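Close look at the chain arrangement
Chain by chain, the residues run as shown.
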Amino acid sequence: MSQTLKIPTCNVLMGGDYTAAITLGCGDTTTTANVVLDTGSSTLAVQASKFRHVDARPTPYVQFVGYGTGSWAGPVCSVAVGMGTGDHRVELPEVYCAQIESGSMPSSSAPMFSPADGIMGLAYGNLDEAANVGGASSHYPLAKYATAQAFGVLPNIETLTPYFTQLETAGVVPNAFAFWTKRSMTDYSKPDPKDNPVNQGWFVLGDGEQHTELYQGGFQAAKVIGDAYYNTQLLTVQVGDGDRIEVPSLQQIGVAVGRTGWSPQVVQAYRQTLEESVSNSIIDSGTNGMTLMDGVFQALLEELGKHDPKFAQMARSQVAPLTTEDLDAWPAITLVLAGADGQDVSLVMKPQTYWQVDAFAEPRYAGMASFAISSAGAWQGNIPSPQSILGLPAMNDRYTVFDRSAGAGRGVVKFATLR
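So, here is what we can say about the structure in this document. Per chain, residue numbering runs from 1 following the sequence as it is written. Two thresholds apply to this predicted model, a pLDDT of at least 70 for residue-level local features and 80 or more for giving and counting side-chain atom pairs, whereas whole-chain, interface and lining totals are computed over all residues. The side-chain numbers reported here are obtained from all heavy atoms of the structure, hydrogens and water having been left aside.

**Digging into the nonpolar core**
Formed by 85 residues in total, the largest nonpolar core has its most connected members in Ile22, Met83, Tyr163, Leu205, Trp355 and Ile373. No other element matches the 6 residues that helix α5 (residues 294–307) contributes to this core. In this view, Ile373 contacts Met290, Leu292, Phe297, Leu300, Gln318, Ile333, Met349 and Tyr354; residues no more than four positions away in its chain are not counted. Ranked by size, the runner-up nonpolar core spans 16 residues in total, among them Ala45, Tyr61, Met112 and Leu160. By nonpolar core we mean a set of buried residues, namely Ala, Val, Leu, Ile, Met, Phe, Trp, Tyr and Cys, connected to one another through side-chain atoms within 4.5 Å. In this scheme, a residue with accessible area under 20% of its type's maximum is buried, one over 50% is exposed, and one in between is partly exposed, where area comes from a 1.4 Å probe on protein chains only. Only runs of H or I of at least four residues qualify as helices and only runs of E of at least two qualify as strands under DSSP, and these elements are numbered from the N terminus. Residue contacts are counted whenever heavy atoms from the two residues lie within 4.5 Å of one another.

And the structure:
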């Protein structure tokens, strides 16, 4: 019989991304791992060191996964995985979990995801790719798959069943999950950030709508396009009551590319990127900022400058000496997404959401705030990236339900006001 679990989360380990605890193994040989909850990927992966005393069965699979902030590689094992405690706990005896053997954070030599232990991908199975290299060994020479190029030429690429999909198909939980979050970056204003309530959240495995203590009012449902990432259609961005900034669809970008004067080879490669992108935006809990297409971001800065030239300057610098009280003078920013029921979804971000005050642990940055919106940058040189990443700022201050049972199997993403 399926159930719904309410699991505490915290954003302190990763400085913004929310983590939750899982257990690996069963009986007397279990270990706890803190994993990033990521709707922008599908793989469950934990540092290999966590498996030293765990009964994990080898498989013939290896994985390489790259993100915007690094990559990792390692063999895949089958292991018992549990999540939650007491009455709010589920366990599966055989779950695909990669053992991270290579890869480090791009800004340091620390292991990937450190100081967390790994990642739990919550997107669809199409992203959970592995290479079947034959045999059931717990270790393979890293040179065979530890880079995108090496992994890309391996034969027998298959898709595995992600952990959440295994839970749902086994009838353990309904086909939905939800996030309750207030911050996209850790608030360091208190001596111990872990004790600060704004750094804590909830992750609900299963039917999140039954937890009415977490939200109030009705839901707005955004349409999900495709079944890999949680692809959405971003329509407009508006600063205060200013002009709406139109966000081009991939189809519109494709038409414009034909008039750029780029070489046929570049145009073809860019259109291939458009096809693979599926839509012009994704909702990604594993990103603690928001990236907008460069043209949209520049227009956003212009609109902020209409309120006050200093606003555009501070936003462009990404860091500024701002307090919560200072932000009362700033306008709200509204994102409009295509709705699942034909009615557009409006997500209003308060200044206290897109500016994260007290967001730095270093004493020299005390009192500084971080602007949580940036440009998506360029693709191959100066060609603008066609996709916006709607990270945690789009989810903060609201209860966000990923209902994968709706939308003809593609799902919908629902938003309600936090209680």
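**Notes on the side chain of Ser285**
With respect to the helices, strands and loops of the structure, Ser285 is situated in the loop between β17 (281–283) and β18 (290–292). Leave out the neighbours within four places in its chain, and Ser285 touches Asp17, Leu37, Asp38, Thr39, Phe179, Leu392 and Met395.

**Details of the side chain of Lys6**
Its location among the elements puts Lys6 in strand β1 (residues 5–10). Separated by 2.9 Å, the side chains of Lys6 and Glu213 make a polar contact. For Lys6, the contacting residues outside a window of four places in its chain are His88, Trp202, Phe203, Val204, His211, Glu213 and Leu214. Counting of polar contacts relies on pairs of N or O atoms within 3.5 Å, with two restrictions inside protein: one atom must be capable of donating a hydrogen and the other of accepting it, and residues adjacent in sequence are counted only when both atoms are side-chain atoms.

**Details of the packing of α5 against helix α6 (residues 309–317)**
Closest axis-to-axis distance for the α5/α6 pair is 5 Å, and the angle between their directions is 140 degrees. On the side of α5, the interface is formed by Leu301, Leu304, Gly305 and His307, while α6 contributes Pro309, Phe311, Ala312, Ala315 and Arg316. Side-chain classes are defined by residue name, with Ala, Val, Leu, Ile, Met, Phe, Trp, Tyr, Cys and Pro counting as nonpolar, Asp, Glu, Lys and Arg as charged, and the others, Gly among them, as polar. The residue makeup of the contact of α5 with α6, split by class, is 6 nonpolar, 2 polar and 1 charged. Throughout, an axis means a line fitted to C-alpha atoms (over the contacting stretch in the case of helices), and angles, computed between N-to-C directions, take values from 0 to 180 degrees.

**Comments concerning α6**
Turning to α6, its buried residues number three or more, namely Phe311, Ala312, Met314 and Ala315. Buried residues along α6 cover an arc of 165 degrees about the axis, so they all sit on one side. In α6, those exposed residues whose orientation departs by more than 90 degrees from the buried face are Pro309, Gln313 and Arg316. Looking at the buried side of α6, the elements it contacts are α5, β19 (319–320), β22 (355–356) and β23 (369–371). When we speak of the arc, we mean the arc of directions from the helix axis to the C-beta atoms.

**Considerations on the sheet that holds strand β20 (residues 333–337)**
We treat two strands as partners when DSSP finds at least two bridges between them. Taken in spatial order, the 4 strands line up as β16-β15-β20-β21 in an open sheet, and their pairing is antiparallel. Lying at the two open borders of the sheet, with one neighbouring strand each, are β16 (244–246) and β21 (345–349). Pairs of neighbouring strands in the sheet enclose a mean axial angle of 20 degrees, with direction left out of account. The pairing of β20 with β21 spans 5 bridges and is classified as antiparallel. Each bridged residue has a counterpart across the sheet, and for Val336 the counterpart in β21 is Ser346.

**Points about the layout of surface pockets**
For each structure, a 1 Å grid was placed over the protein atoms alone; sets of points admitting a 1.4 Å probe that cannot get out are labelled cavities, open sets with protein on both sides within 12 Å along at least five of seven lines are labelled pockets, and lining residues have an atom within 4 Å of a point. Grid points are joined across faces, edges and corners, and a volume is the space filled by probe spheres set on the points. Empty space within the second largest pocket amounts to approximately 200 Å³. Put simply, the parts of the chain that give the lining of the second largest pocket at least two residues each are α7 (351–354) and β22. For the lining of the second largest pocket, the per-class residue count stands at 4 nonpolar, 4 polar and 5 charged.

**Focus: the packing of aromatic side chains**
Each Phe, Tyr or Trp ring, with Trp reduced to its six-membered ring, pairs with another whose centre is within 6.5 Å; inter-plane angles below 30 degrees give stacked pairs, above 60 give edge-to-face pairs, and intermediate values give tilted ones. Counted by the stated rule, this structure contains 22 aromatic pairs. Plain terms: the ring middles of Trp330 and Tyr354 are 6.4 Å apart, the flat faces sit at 65 degrees to each other, and that makes the pair edge-to-face. With Trp330 in the loop between β19 and β20 and Tyr354 in helix α7, this pair connects stretches of sequence that are 24 residues apart. Residue class for Tyr354 comes out buried when judged on its relative accessible area of 0%.

**Concerning the pattern of salt bridges**
Each salt bridge in this description consists of a side-chain nitrogen of Lys or Arg and a carboxyl oxygen of Asp or Glu lying within 4 Å of one another. Counted according to the given criterion, the structure contains 10 salt bridges. A salt bridge links Lys350 to Asp397; its shortest N-O distance comes to 3.9 Å. Here Lys350 is found in the loop between β21 and α7, whereas its partner Asp397 is found in the loop between α8 (392–395) and β28 (398–403), with 47 residues between them in sequence. Owing to a relative accessible area of 43%, Lys350 belongs among the partly exposed residues under this scheme. Accessibility expressed as a relative area gives 22% for Asp397, which makes it partly exposed. Taken together, the salt bridges that share partners define one network made up of Glu209, Asp403 and Lys414.

**Topic: the environment of Thr9**
By the secondary structure assignment, Thr9 is in strand β1. In sequence terms Thr9 and Ala73 are 64 residues apart; their C-alpha atoms lie 26 Å from each other. Not counting residues within four places of it along the chain, the set of residues in contact with Thr9 comprises Tyr18, Thr19, Ala20, Leu37, Asn199, Gln200, Gly201, Trp202 and Phe203. A polar contact of 3.4 Å, which involves the side chain of Thr9, links it to the backbone nitrogen of Trp202.

**As for the sheet that holds β23**
The 3 strands lie next to each other as β19-β23-β22, forming an open sheet whose pairing is antiparallel. The sheet terminates laterally at β19 and β22, the two strands that pair on one side only. Judged from the 2 bridges that link them, β19 and β23 form a sheet pairing that is antiparallel. Residue pairing in the sheet places Val319 in a bridge with Ser370 of β23.

**Examining the environment of Met395**
Along the chain, Met395 falls in helix α8. Owing to a relative accessible area of 0%, Met395 belongs among the buried residues under this scheme. A sequence separation of 269 residues divides Met395 from Asn126, and the C-alpha atoms of the two residues are 24 Å apart. For Met395, the contacting residues outside a window of four places in its chain are Phe179, Thr181, Ile283, Ser285, Thr400 and Phe402.

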